[in-house]
Amino acid sequence: MTTAIAKQRTKKEKAIPESLIYEMVDGEPIYYRGYKDVINKKKTLEQIMGSSALQSLLVMLILDILKDKLDNNYLRLPAELGLKFAHKSWRNLDIAIYDKRTVEDKSVFLKNKYIEIVPEIVIEIDTKAEFTELLDFDTYFQKKTDQLLEAGVQRVIWIFTATKKHLVAVKDQKWEMDNWTADIAMMDGVEININQLLEAF
């Protein structure tokens, strides 16, 4: 990258408010989908940050069933929890599951900032990331999944509403994709089924 291009890019990024950054990877921002509409005053920030009714419903149903199936040793944290990996590198998590017994200092959960402790399980329902020529959907979700697994997450589960499929990724194992009709193994003895959750709703 030439110096002129680098300066032009830096100037452009400085003009974009930090509030429009969805995630940050090695200092490179990933913006909210639709951020240009906010800049051009066609939409508000709240409009592009919001979840669909189906996405919100799935989060609620999954949290409800996990509350029944997991004991009090587990924390089920929703609402785009910010997980910080390093300086200028963080990801948002739709649902993060922690085993409190593995966390020595539980006061980290009481602090008003991104957490730096990696959860055991991450559940992602679609994404709010803006895709570009350099960052398409496949590249985004594969890189995010790899980063989470390399950081120590034991299992990453993606739920895709457009195709009604889910993907389960475990480090050093074959990633498995299936339809919503198939059970999703969360951990030993704990499974969820998206179709059944929606039918029972």
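Residues numbered from 1 in each chain as written. Predicted model: local features only at pLDDT ≥ 70, side-chain atom pairs only at ≥ 80, totals over all residues. Heavy atoms only, no water.

### Examining the nonpolar core
Counting 34 residues, the largest nonpolar core has L20, L93, Y140, L148, V156 and W158 as its most contacted members. Once you skip the residues sitting within four places of it in the chain, L20 turns out to touch Y31, Y32, Y35, V38, I39, L45 and I48. Grouped together as the second largest cluster of nonpolar side chains are 27 residues, L58, I65, I157 and I194 included. (Core = buried A, V, L, I, M, F, W, Y, C linked by side-chain atoms within 4.5 Å. Buried < 20%, exposed > 50% of the residue type's maximum accessible area, 1.4 Å probe, protein only. Contact = heavy atoms within 4.5 Å.)

### Focus on the pattern of salt bridges
This model, assessed by the stated rule, comprises five salt bridges. For K144, the salt bridge identified is with E23, shortest N-O distance 2.6 Å. Placement of K144 in helix α5 (residues 137-151) and of E23 in strand β1 (residues 21-25) is noted, with a sequence separation of 121 residues between them. According to the relative accessible area criterion, K144 is buried, its value standing at 0%. Between K128 and E80 there is a salt bridge, and its shortest N-O distance comes to 3.1 Å. In this pair, K128 sits in the loop between β7 (121-125) and α5 while E80 sits in the loop between β3 (74-77) and β4 (81-86), placing the two residues 48 residues apart along the sequence. The class for K128 is buried, based on a relative accessible area of 13%. (Salt bridge = Lys/Arg side-chain N within 4 Å of Asp/Glu carboxyl O. Helix = DSSP H or I, 4+ residues; strand = E, 2+ residues; numbered from the N terminus.)

### Things to note about unusual backbone geometry
Phi is positive for A79, which is not a glycine, with a value near 70 degrees. Counting through the fold element by element, A79 comes out in the loop between β3 and β4. Within the chain, K164 stands out as a residue other than glycine whose phi angle is a positive 55 degrees. In this structure, K164 sits in the loop between β8 (155-160) and β9 (165-170).

### Comments concerning the side chain of Q55
Structurally, the position occupied by Q55 is in helix α4 (residues 53-69). Given a relative accessible area of 16%, Q55 falls into the buried group. Within the local environment of Q55, its side chain forms a polar contact with the side chain of D126, the two groups lying 3.0 Å apart. Ignoring anything within four residues of it in the chain, the contact list for Q55 reads I125, D126 and T161. (Polar contact = N/O pair within 3.5 Å; in protein donor to acceptor, adjacent residues only side chain to side chain.)

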